[in-house]
Amino acid sequence: MITFNRTASTNPGKQAKALAWAREVAAFVKATNGTEVHVSVPVGGNPNRIRLTAQHENLGTMETSAAKLTSLPKWQEMQANGADLFVSESNFTEIWRDS
């Protein structure tokens, strides 16, 4: 099992809009390729962060999913619409595998 995590810090005053955007992204991914995406916020530390988490059977299915999404104009539009919600360069991505 592969777990994909992407965390980013929200711009001041943009947390609510960023959460709505993240939930929209999660719904789009689910509708497009069936992958469940969980939207999370931290319990401790910097509260102005959002994490998107998705699990894939293996790296191949993760890559197929990503390729499908990034080829869609709607995906590009969604990414552009969310750009002003997050601190530039705060995007942090981790890919984990079960041991």
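Caption draft 1: Just the overall build of the protein chain, in detail. For the protein chain, the count of helices and strands is three helices and four strands. Reading the protein chain from its N terminus to its C terminus gives the helix and strand order β-α-β-β-α-α-β. Compactness check: the protein chain gives a C-alpha radius of gyration of 13 Å against a globular reference of 13 Å for 99 residues, within 12% of the reference. In the protein chain, 76% of the contacts between residues at least 6 apart in sequence involve partners at least 24 apart. On the protein chain, roughly 6,300 Å² of surface is accessible, and the fraction owed to carbon and sulfur atoms is 55%. Distance between charge centroids for the protein chain: 5 Å, based on 10 positive and 9 negative side chains.

Caption draft 2: Fine view of the packing of helix 1 (residues 15-33) against helix 3 (residues 73-82). Where helix 1 contacts helix 3, the axes come no closer than 11 Å and their chain directions differ by 170°. The angle between helix 1 and helix 3 places the two elements in the roughly antiparallel class. The chirality of how helix 1 crosses helix 3 is left-handed. Contacts from Trp21, Glu24, Val25, Phe28 and Val29 in helix 1 reach Lys74, Trp75, Met78, Gln79, Asn81 and Gly82 in helix 3.

Caption draft 3: Examining the packing of helix 1 against helix 2 (residues 59-70) more closely. One way to put it is that helix 1 packs onto helix 2 with a least axis distance of 11 Å and a crossing angle of 105°. Here helix 1 lies roughly perpendicular to helix 2, going by the angle between them. Contacts between helix 1 and helix 2 pair Phe28, Val29, Thr32 and Asn33 from the former with Ser65, Lys68 and Leu69 from the latter. Split by residue class, the contact of helix 1 with helix 2 holds three nonpolar, three polar and one charged.

What counts, and at which threshold
- Note that residues are indexed from 1 along each chain, following the sequence as it is written.
- Reporting in this predicted model follows two pLDDT cut-offs: at least 70 for local features of residues, and 80 or more for side-chain atom pairs to be given and counted; totals over whole chains, interfaces and linings ignore these cut-offs and use all residues.
- As a rule here, side-chain values come from all non-hydrogen atoms in the structure, and water together with hydrogens is ignored.
- A run of DSSP states H or I qualifies as a helix once it reaches four residues; a run of E qualifies as a strand once it reaches two. Both are numbered from the N-terminal end.
- Throughout, radius of gyration means the C-alpha value; the globule benchmark is 2.2 Å times the number of residues raised to the power 0.38.
- Should any heavy atoms of two residues lie within 4.5 Å, those residues are counted as being in contact.
- Surface exposure here means Shrake-Rupley accessible area, sampled with a 1.4 Å probe, where a residue is shielded only by the protein chains that are shown.
- For the purpose of charge, His is not counted, nor are the chain termini; Lys and Arg are scored as positive and Asp and Glu as negative.
- For this purpose, a charge sits on NZ of Lys, CZ of Arg, CG of Asp or CD of Glu.
- Whenever a helix is involved, its axis is fitted only over the stretch in contact; in every case the axis is a line through C-alpha atoms, and angles between N-to-C directions fall within 0 to 180 degrees.
- For classification purposes, an angle smaller than 35 degrees is called roughly parallel, one larger than 145 roughly antiparallel, one from 65 to 115 roughly perpendicular, and anything else oblique.
- By definition, any crossing whose near helix is turned counterclockwise from its far helix by less than a right angle is left-handed, and any crossing with a clockwise turn is right-handed.
- Ten residues, namely Ala, Val, Leu, Ile, Met, Phe, Trp, Tyr, Cys and Pro, are considered nonpolar, four, namely Asp, Glu, Lys and Arg, are considered charged, and the remaining ones, Gly among them, are considered polar.

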